[in-house]
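Listed here are the chains, written in short residue letters.
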Amino acid sequence: MKRPLVILLAILAALITTACDQEVYSGRLILDGAHSVSAGERIDGELAVVGGRVALEEGSTVTGSVYVVGGTVEIAGDIGGDVTLLLGDLTLEPRAHVHGDLNLGGGRLERSPEATVAGAVTAGIGLQVPAELPQPTPRERLPRFLIQTLFVALLALLAVRFMLRAVARVADAASGHPVVAGAMGLLVGVVGLSLLVLMAFTIVLIPVTLLGILSLGVAVVYGWIAFGVLTGNFLSRKLEWKLRPTTAAFLGTLLVMALMSALEVIPLVGGMIAILISCVGLGAVFLTGLGTRRFVPAVDDLEERQAKA
Amino acid sequence: MMRKHNWPTLLGYGLFIGMMAVGYYYNVTFIQLGLTDLGGRVIGMSEVRLAMAMAVLALITCMVALAFGLWMRRQAWSTSLVMKLRLAFLVVMLQTILTAVAPSISSEGLFLAWIALASLALGIGVPVTFSMTVDLVAVRHRGYVAALITAVAYFAAPVFSPPWLVEHLAMQMLGVMAASTLGLGVLAFVKLPFIDELAKQHTKPEFGRGRFARSGEQTRIDRRLLGLIVAMFGIFFVDSLGFLRLVETPVYMASAWLSPDVSVRLFIGVTHVVAALIAGILYTNFNVRHLFLWIFGIFALMHLMYLFHVRSPFGEPPLTMPMLYAMTVSLYTVVNFAIWADVSTPKTISFNAALGVALSGWTATFISTALAIQWRTAGMTLEQHLSLVNALAMLFFLAMLLLVIFPSRSRHRHQGGARRNS
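Residues numbered from 1 in each chain as written. Chains lettered and ligands numbered in written order. Predicted model: local features only at pLDDT ≥ 70, side-chain atom pairs only at ≥ 80, totals over all residues. Heavy atoms only, no water.

(A) View of the overall build of chain A. When its secondary structure is counted, chain A shows eight helices and 17 strands. Going through the 309 residues of chain A one by one, you find that 40% of them count as buried. Restricting the contact set of chain A to residue pairs at least 6 apart, pairs at least 24 apart contribute 31%. (Helix = DSSP H or I, 4+ residues; strand = E, 2+ residues; numbered from the N terminus. Buried < 20%, exposed > 50% of the residue type's maximum accessible area, 1.4 Å probe, protein only. Contact = heavy atoms within 4.5 Å.)

Here's what the structure looks like:
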């Protein structure tokens, strides 16, 4: 058995044991609605508030830490751990007692002078998120588009320079089996994103989530590069330009990226086409195992063998 | 096929898709939901007795299917399309009569007798209908045909299903079933040229022998068939055990399958359709072990999501949970419709399909129902119940992961999917 695989399986098995035990992640996650914890009531573990309104009344207890990522939290009881405010509104009532630190990253704090914090009060950079993000003007979007396009095109150039066969296999899968690749890409996208969102809610797995998002992003860009290679080759063939593979990949990827940006202009349909292209690319990356093997449909393979036999 | 204007074959595809989709819709609505309503609301049976009756239905169906599948193989009925159509006609006729009388049943004794007769029809129906695959659907298209069957049945179930009351469900089914009986009667007893054409198709190489069937006419159960039965058993068991508890939790049903908002049910229906099409494409073009890996993986993820929600029971459950559920159900249903014919030859299909569907589907339902009753009487909470189901899904996922990473030598010889270093 290959050593990295053994390690991977061992980690996976360890993760399963933690996921299945209810004692490990004890705590509450509030997404919406109004909730109150009355005097004498206790929440074992952490309390994370993403939305809604939570009132921890006088005499109530949270044994772990409280994380305020959104919504409104009013604390008048005992908090065993830290209180962290990232976004939303936090009120520390006169009877509030925080045994740990009070970490302020953003949001709005209203603290009564009588409220006690046993640990330190730390303040980070305020995270101010406006209610509605302003839409960039075409002039503002142009530099971003140019940088992004050039960056991906340069990646395509490097990919073709150093891993030509792998990129070619991904491109072959995307062009030869777009429906299969699209189906696989859609499945990977939907299930992968659901998994990443779930992991983000555990809080402890946020670093893994970020790593997962990065990996998914890299796979999508890899798919775009494969389309860029296909486009570059197509152009050099049709226009009878004698281009080197790296140059063809660079130019092709520039075109693909420009097309993807142009699609954004078409409402609804444009976005869907862009998603579809990304799904086919992502699926091709997965079908070929990041370009390490050629994809052969199972039925074709079977018929080929039967014909040989 | 379209280019060749091969109309008999196309009609065969239409016949198979229609027959299987209606049969499956009948199973997931009238049998699973209608009978529960009949036993509980109309007759007044206790939950435990009702669950036991349903388990009995599963057990008898399983035994009848196995016995009849074997009988069909011995009588060589597996290779006779006309005989299979005649048997299907009898089965649908019996089911139509049973559906018509179901709402008027008022005692537990009659209910149990009804269940015994329904089990007989279902048990015979399994090998008869599944074995028509070798006559009607080419090996290359089995994944796509299975996808269409699943898409039709599972789109109709959440979107067009009437309230889960036996009277409404019976009323809806009766019209379709009466028409099906008439249609099957004509196909089975009137000499039609296209039926003669279809009856010969299983002798063609592109129809008869399944993708995973070994050479020769082996009638013994081989390792591959056994492995598939175990995997499918795991899928049915995990699904049934989890859903038996979720179906009793109003918050999860009212926000999804029983939502008063038609757009929510439409979303679930469309998810079923998209997932079925994905499954059809992947089944045809991909190694089936990878598909099993996806199914167990999504099951585990979905149960983990439900667990998260149970542990922090505030707010509406997000639609992602029923969406993933619908996806998984569609994925495995497609595999279930296609796989048994693909491990068989025309001679072995009836018994193999009976073995596969009965041992994996019906036995899993029987055992999971019994286990769910035992857990409930032992006072197990929803959280504990789902934790165990999730652990089971993870166990199957890990086992499948090992099989995918370390394939056996025979698999390398017999299966495609991808080629290294080419």
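(B) Main features of the pairing of strand β2 (residues 34-37) of chain A. Residue and element names in this part refer to chain A. Taking every second residue as pointing to the same face, the buried face of β2 carries H35 and V37, while none of A34 and S36 on the other face is buried. As paired strands, β2 and strand β5 (residues 53-56) are joined by four bridges and run parallel to one another. Bridging from a neighbouring strand, S36 pairs with A55 of β5. (Pairing = 2+ DSSP bridges.)

(C) The arrangement of the packing of aromatic side chains in detail. Residues and elements named next belong to chain B. Throughout the structure, instances matching the rule amount to 17 aromatic pairs over all chains. When the centroid spacing of 5.2 Å and the interplanar angle of 75° are considered together, the rings of F236 and Y332 count as edge-to-face. Placement of the pair is F236 in helix α9 (residues 223-246) and Y332 in helix α13 (residues 320-342), with a sequence separation of 96 residues. For the residue pair F236 and Y332, the accessibility class agrees, reading buried in each case. (Phe/Tyr/Trp six-rings, centres within 6.5 Å; stacked < 30°, edge-to-face > 60°.)

(D) Region of the structure containing the pattern of salt bridges. All names here are of chain A. Throughout the structure, instances matching the rule amount to 11 salt bridges over all chains. In this structure, the salt-bridge partner of R108 is D89, at a minimum N-O distance of 3.3 Å. Pair noted here: R108 is in strand β14 (residues 108-111) and D89 is in strand β11 (residues 89-92), with a separation of 19 residues, a long-range link. The partly exposed category is assigned to R108, whose relative accessible area is 46%. (Salt bridge = Lys/Arg side-chain N within 4 Å of Asp/Glu carboxyl O.)

(E) Spotlight on the pairing of β5(A). As defined by bridge partners, β5(A) adjoins strand β8 (residues 72-75) of chain A across four bridges and the pair is classed as parallel. Paired with L56(A) across the bridge in β8(A) is I75(A).

(F) Examining a nonpolar patch on the surface more closely. Together, L31(A), V50(A), V69(A), L86(A), V197(A) and F201(A) give the surface a local cluster of nonpolar side chains, amounting to about 410 Å² of exposed area. Structurally, L31(A) is set in the loop between β1 (27-30) and β2. (Patch = residues over 30% accessible without salt bridge, like charges linked within 9 Å, V, L, I, M, F, W, Y side chains within 5 Å. Areas by Shrake-Rupley, 256 points an atom, 1.4 Å probe, with all protein chains shown as cover.)

(G) Fine view of the environment of M302(B). All names here are of chain B. Position of M302 relative to the elements: it lies in helix α12 (residues 288-311). For M302, a relative accessible area of 0% gives the class buried. Counting along the chain gives 73 residues from M302 to W375, while the straight-line C-alpha distance between them is 21 Å. With residues up to four places along the chain from it excluded, the contact list for M302 reads M321, L324 and Y325.

(H) Just the sheet that holds β8(A), in detail. All names here are of chain A. In space, the five strands of this open sheet follow the order β2-β5-β8-β11-β14, with parallel pairing throughout. The outermost strands of the open sheet, each flanked by one partner alone, are β2 and β14. Ignoring which end each strand starts from, the neighbouring axes of this sheet average 10° apart. Across four bridges, the pairing between β11 and β14 is parallel. Paired with L92 across the strands is R111, a residue of β14. (Axes fitted to C-alpha atoms, helices over the stretch in contact; angles between N-to-C directions.)

(I) Highlighting the sheet that holds strand β15 (residues 116-117) of chain A. All names here are of chain A. With parallel pairing, the five strands of this open sheet are ordered in space as β3-β6-β9-β12-β15. The sheet is open, and its two edges are formed by β3 (42-43) and β15, each paired on a single side. Sheet topology note: the β3/strand β6 (residues 61-62) ladder contains two bridges and is parallel. Paired with R42 across the strands is T61, a residue of β6.

(J) Examining helix α2 (residues 47-74) of chain B more closely. Along its 28 residues, α2(B) runs 41 Å from first to last C-alpha, staying within 8% of the 40 Å computed at 1.5 Å per residue. One or two positions beyond α2(B), positive phi appears at A76(B), with a value near 60°. (Expected span 1.5 Å × (residues − 1).)

(K) Expanded view of the confidence of the model for chain B. Residue and element names in this part refer to chain B. Residues of chain B with pLDDT of at least 70 account for 93%, and the chain-wide mean is 87. Mean pLDDT across the elements of chain B ranges from a minimum in strand β1 (residues 417-420), with 44, to a maximum in helix α3 (residues 81-101), with 95. Note on residues 412-422: pLDDT under 50 across the span, and 32 contacts to partners over four residues away in sequence or across chains. Among the prediction metrics, the complex's ipTM stands at 0.84, with pTM recorded as 0.79. (pLDDT = per-residue confidence, 0-100.)

(L) Highlighting helix α5 (residues 206-238) of chain A. Relative to the 48 Å expected for 33 residues at 1.5 Å per residue, α5(A) spans 48 Å between its end C-alpha atoms, a close match to the ideal helical length. Taken from the residues just after α5(A), E240(A) is the one with a positive phi, measuring 55°.

(M) Region of interest: the packing of α9(B) against helix α15 (residues 382-405) of chain B. Residue and element names in this part refer to chain B. Running from N to C, α9 and α15 point in directions that differ by 165°, and their axes come no closer than 10 Å. Comparing the axis directions of α9 and α15 gives the class roughly antiparallel. The handedness of the crossing between α9 and α15 comes out as left-handed. Touching V230, A231, G234, F237, V238, L241, G242, R245 and L246 of α9 are L382, H385, L386, V389, L392, A393, F396 and M400, all from α15. (Parallel < 35°, antiparallel > 145°, perpendicular 65-115°, else oblique. Left-handed = near helix turned anticlockwise from the far one by under 90°.)

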